[in-house]
2 protein chains.
Amino acid sequence: MIQLDFEKSGGLIPAIVQDAGTGRILMLAYMNPAAFEKTLQTKKATYYSRSRNALWTKGETSGHVQHVREIRVDCDQDTLVLQVEQTGKGACHKGYESCFYRAVQGEDLKIVDPQVFDPEKVYK
Amino acid sequence: MIQLDFEKSGGLIPAIVQDAGTGRILMLAYMNPAAFEKTLQTKKATYYSRSRNALWTKGETSGHVQHVREIRVDCDQDTLVLQVEQTGKGACHKGYESCFYRAVQGEDLKIVDPQVFDPEKVYK
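Bear in mind the structure is a predicted one, so any value in this text is a computation, not a measurement.

Asks: Describe the interface of chain B and chain A, naming the residues involved and giving the relevant values.
Replies: By a widely used convention, the size of an interface equals the accessible area lost when the partners come together. Residue-level contacts link 27 residues of chain B with 27 residues of chain A. Secondary structure elements with two or more residues in the side of chain B that touches chain A: β1 (13-19), β2 (25-31), β5 (66-73), β7 (102-105) and β8 (108-111) of chain B. At four residues, β5 of chain B tops the list of elements feeding residues into the side of chain B that touches chain A. Here strand β5 (residues 66-73) of chain A pairs with β7 of chain B via two bridges, running antiparallel. Each bridged residue has a counterpart across the sheet, and for V73 of chain A the counterpart in β7 of chain B is R102 of chain B.

Asks: Give me the sheet that holds strand β2 (residues 25-31) of chain A: which residues, what numbers.
Replies: Pairing within the open sheet is mixed, and its six strands lie in the order β2(A)-β1(A)-β6(A)-β5(A)-β7(B)-β8(B). Both edges of this open sheet fall to β2 of chain A together with β8 of chain B, since each of them pairs with a single strand only. Between one strand axis and the next, the sheet turns by 35° as a mean value, whatever way the strands run.

Asks: Report on helix α1 (residues 33-42) of chain A, specifying residues and quantitative values.
Replies: All names here are of chain A. Those residues of α1 that fall on the buried side of the exposure criterion are A35, F36 and T39. Buried residues of α1 fall within an arc of 100° about the axis and therefore sit on the same side. Looking at α1, the residues exposed on the side facing more than 90 degrees away from the buried face are A34 and Q41. Buried residues along α1 sit against β2, β3 (46-49), β4 (54-57) and β5. Just downstream of α1 lies K43, where phi reads positive at about 60°.

Asks: Could you give me a rundown of the relation of the copies chain B and chain A, with the residues and numbers involved?
Replies: At an RMSD of 0.0 Å, chain B and chain A line up after a rotation of 180° and a shift of 0.0 Å along the axis. Considering both components of the superposition, the chain copies are consistent with a two-fold axis. Residue G23 of chain B, judged by its C-alpha, is the member of chain B lying nearest the rotation axis, at 2.9 Å. Both copies share a contact surface, since 100% of the interface residues of chain B are interface residues in chain A too.

Here is what the cut-offs are and how they apply
Residues numbered from 1 in each chain as written. Chains lettered and ligands numbered in written order. Predicted model: local features only at pLDDT ≥ 70, side-chain atom pairs only at ≥ 80, totals over all residues. Contact = placed C-beta atoms within 7 Å. Helix = DSSP H or I, 4+ residues; strand = E, 2+ residues; numbered from the N terminus. Pairing = 2+ DSSP bridges. Axes fitted to C-alpha atoms, helices over the stretch in contact; angles between N-to-C directions. Buried ≥ 20, exposed ≤ 12 C-beta atoms within 10 Å, placed from the backbone. Arc of directions from axis to C-beta. Least-squares fit on C-alpha atoms with pLDDT ≥ 70 in both.

The structure is reproduced here in structure tokens:
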């Protein structure tokens, strides 16, 4: 069995989600043991929603499922990297490919990526 | 001023560290407001060590400094991506380029990357 250190951060570990093809970092999400087990079993990325306090399979509303190609574990066993094939145009609920669509420029944040879908049509 | 949501996770936000050249994810670390400010000012990645409860400029022991090329902020303003130029052979205190040197294979973790430096010589 794979032992992960869920206790260090109060029961949830961060999972960095990276596009397996481009290497683009798409998002960061959190997993509890049940989310990790479900992801292993289904090969579809499943997280724990801190706002809804529930398991959440990415794409269940948007259709933008993440098929998991590889899972890496860090030296401290308290962080994951998921290499995924992102279906649909993007991972971000704001309509961008990546949640990291803004860059620090001087004292401000600037949007540096194009919006690729209309979130109001995808998240009804 | 750039507003980040430090409160959501109890004062620290996760920073994903990515090699600016290769796109490889090197590590995940945490920042408090002082670490973020110091990183902005010095352009050298500075984190907050949860085990030592202190600011920690990456490379202060190993010499493996991370020069920050770009900082991205996510949609919820509670996670960062640092694009860095990693000096030295690697970021991981275990002697690997990346902390994510192991992959889930079946029921086990398997080391899938080569060790690139001897940590006992680097971390004296």
